[in-house]
Amino acid sequence: MNNIVTSLKSAGNQFNTKAVGGGSSVLSAAKGAYLNAGDDTSKVAENDIDSFTERLANAFKTDNADVIRALDGLSEADKADIAARSYLQMQGRIISARNKEEQDIKDFRELEEEKYRYKDMLEEAKENGGCAKVKGDKDKRWLFGDREEGSTVTSKEIEDALDDVQSRIDRFLAPYGRNEDGSAISDPDNEVVTRDYIAYAAVFEEMTGLKTPDPGDSLLLHKLDRDESNFVERAQDNINKLNKLSNDLNAQWKKYKDALKGKVGVGDLSEEARARLEAFEFIREKFASGTGTVTVSTLGLLDAQA
């Protein structure tokens, strides 16, 4: 986890809830301590703990022994708030990755269905003198939806349609093209989410003393080891890995939360942090158990801007 510098772009569905009611916790740092993150020395305002958590994550990746100073100025309650925000940043990236896998499975299956329907039409054309009839399939407008039902299309037209859908499947599997050996070219930003996760993991460990599970390659936005024959299987395997990653991370959060009892207590988290955690755990359980299709956007407590 060393020597990784990341801009920590916010996760697409991270939990920047507006304060509900009582406002943020009063940082002990805001009472006079200054927190230095690399070259960025600042007095942290009461409502600035999110941006400080992000700067802190960045600072942990600069490989500078003096990059983090004055952390002793944080109370246990402050550390708990920062740990909670780091936890949510990691979990949000896991959910984002799972959302992408599920959407990709849906999109890929639609492309494959389109391909096989055209292949069926081509077989029909071969059996009927080089022509096939357009079916009245209003839900599948790509099946020559601009033609009248019962009209005919030639084998050449169907072959052209097959070539088109195959090219879209190829772009789906290798959106940045392929190397000379046929392997897919990697997305230039493919590892950004993983680096961000690792950065927040470093913050979480500093605040709690607990290591978080290694995401491996499960968070990559584009996988290079998939082809047309194995795409759905490997995407589903990765969803299972993401579920386990989320559960293992949650177990570490619970371990930390249990350790706080009698020391600082969950009640000493800011109201904002508690609201985020409660809303998120509802979503996480649905995702991880596979018993529902709740998404981040369905809950007004969660802001999708992160």
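**Overview of the overall build of the protein chain**
Helix and strand counts for the protein chain come out as 6 helices and 5 strands. Going from the N terminus to the C terminus, the protein chain shows its helices and strands as β-β-α-β-α-β-β-α-α-α-α. Here the protein chain, with 306 residues, has 45% of them falling under the buried criterion. When contacts within the protein chain are restricted to residue pairs at least 6 apart in sequence, those whose partners lie at least 24 apart make up 71%.

**Some details on the packing of helix α4 (residues 192-208) against helix α5 (residues 231-260)**
At their nearest, the axes of α4 and α5 sit 11 Å apart, and the two run at 20° to each other. Looking at the two axes, α4 sits roughly parallel to α5. Like other packed secondary-structure pairs, α4 and α5 cross with a definite hand, here left-handed. Of the residues in α5, those in contact with Tyr197, Phe204, Met207 and Thr208 of α4 are Leu245, Leu249, Gln252, Trp253 and Tyr256. Of the residues in the contact of α4 with α5, the class split is 7 nonpolar, 2 polar and no charged.

**Quick notes on the environment of alanine 80**
With respect to the element layout, alanine 80 can be found in helix α2 (residues 76-127). Overall, alanine 80 belongs to the buried group, its relative accessible area being 1%. Among residues more than four places away in sequence, those in contact with alanine 80 are Trp253, Tyr256, Leu260 and Leu269.

**Here's the deal with the packing of aromatic side chains**
Scanning the entire structure with this criterion turns up 8 aromatic pairs. Here tyrosine 118 and phenylalanine 144 contribute two aromatic rings whose centre-to-centre distance is 5.7 Å and whose plane-to-plane angle is 75°, an arrangement assigned as edge-to-face. Pair noted here: tyrosine 118 is in helix α2 and phenylalanine 144 is in the loop between β4 (131-133) and β5 (152-154), with a separation of 26 residues, a long-range link. According to the relative accessible area criterion, tyrosine 118 is buried, its value standing at 4%. A relative accessible area of 12% means that phenylalanine 144 is categorised as buried. Seen in terms of ring centroids, tryptophan 253 and tyrosine 256 are 5.7 Å apart; in terms of plane orientation they differ by 55°. Their pairing is tilted.

**Describing α2**
Here α2 is 52 residues long and its end C-alpha atoms lie 76 Å apart, about the 76 Å a rise of 1.5 Å per residue gives. Glycine 129 occupies a position one or two residues after α2 and carries a positive phi of about 70°.

**Quick notes on the nonpolar core**
Core analysis: the largest hydrophobic core is formed by 33 residues, its most contacted members being Tyr87, Tyr197 and Trp253. At the level of elements, α2, α4, α5 and α6 (271-289) are the ones that each hand at least two residues to this core. Here this core gets 10 residues from one element, more than from any other, and that element is α2. Dropping the residues within four chain positions of it, tyrosine 197 is found in contact with Met90, Arg93, Ile94, Thr212, Pro213, Pro215, Leu219, Leu245 and Leu249. With 21 residues, the next largest nonpolar core counts Ala125, Ala132, Val153 and Val165 among its residues.

**Thoughts on the environment of aspartate 107**
Following the sequence through the fold, aspartate 107 ends up in helix α2. Between the C-alpha atoms of aspartate 107 and isoleucine 169, which are 62 residues apart in sequence, the distance is 9.7 Å.

**Structural notes on the packing of α2 against α4**
Helix packing for two helices is described by the angle between their axes and how far apart those axes are. In the contact formed by α2 and α4, the axes pass within 9 Å of each other and the chain directions differ by 155°. By the angle class used here, α2 and α4 are roughly antiparallel. Every pair of crossing elements has a handedness; the one defined by α2 and α4 is left-handed. Between α2, through Lys79, Ile82, Ala83, Ser86, Tyr87, Gln89, Met90, Arg93 and Ile94, and α4, the contact on the second element is made entirely by Val193, Asp196, Tyr197, Tyr200, Ala201, Val203, Phe204, Met207 and Thr208. Class assignment for the residues of the contact of α2 with α4 results in 12 nonpolar, 3 polar and 3 charged.

Reading the values: rules and limits
- Residues numbered from 1 in each chain as written.
- Predicted model: local features only at pLDDT ≥ 70, side-chain atom pairs only at ≥ 80, totals over all residues.
- Heavy atoms only, no water.
- Helix = DSSP H or I, 4+ residues; strand = E, 2+ residues; numbered from the N terminus.
- Buried < 20%, exposed > 50% of the residue type's maximum accessible area, 1.4 Å probe, protein only.
- Contact = heavy atoms within 4.5 Å.
- Axes fitted to C-alpha atoms, helices over the stretch in contact; angles between N-to-C directions.
- Parallel < 35°, antiparallel > 145°, perpendicular 65-115°, else oblique.
- Left-handed = near helix turned anticlockwise from the far one by under 90°.
- Nonpolar A, V, L, I, M, F, W, Y, C, P; charged D, E, K, R; others polar.
- Phe/Tyr/Trp six-rings, centres within 6.5 Å; stacked < 30°, edge-to-face > 60°.
- Expected span 1.5 Å × (residues − 1).
- Core = buried A, V, L, I, M, F, W, Y, C linked by side-chain atoms within 4.5 Å.

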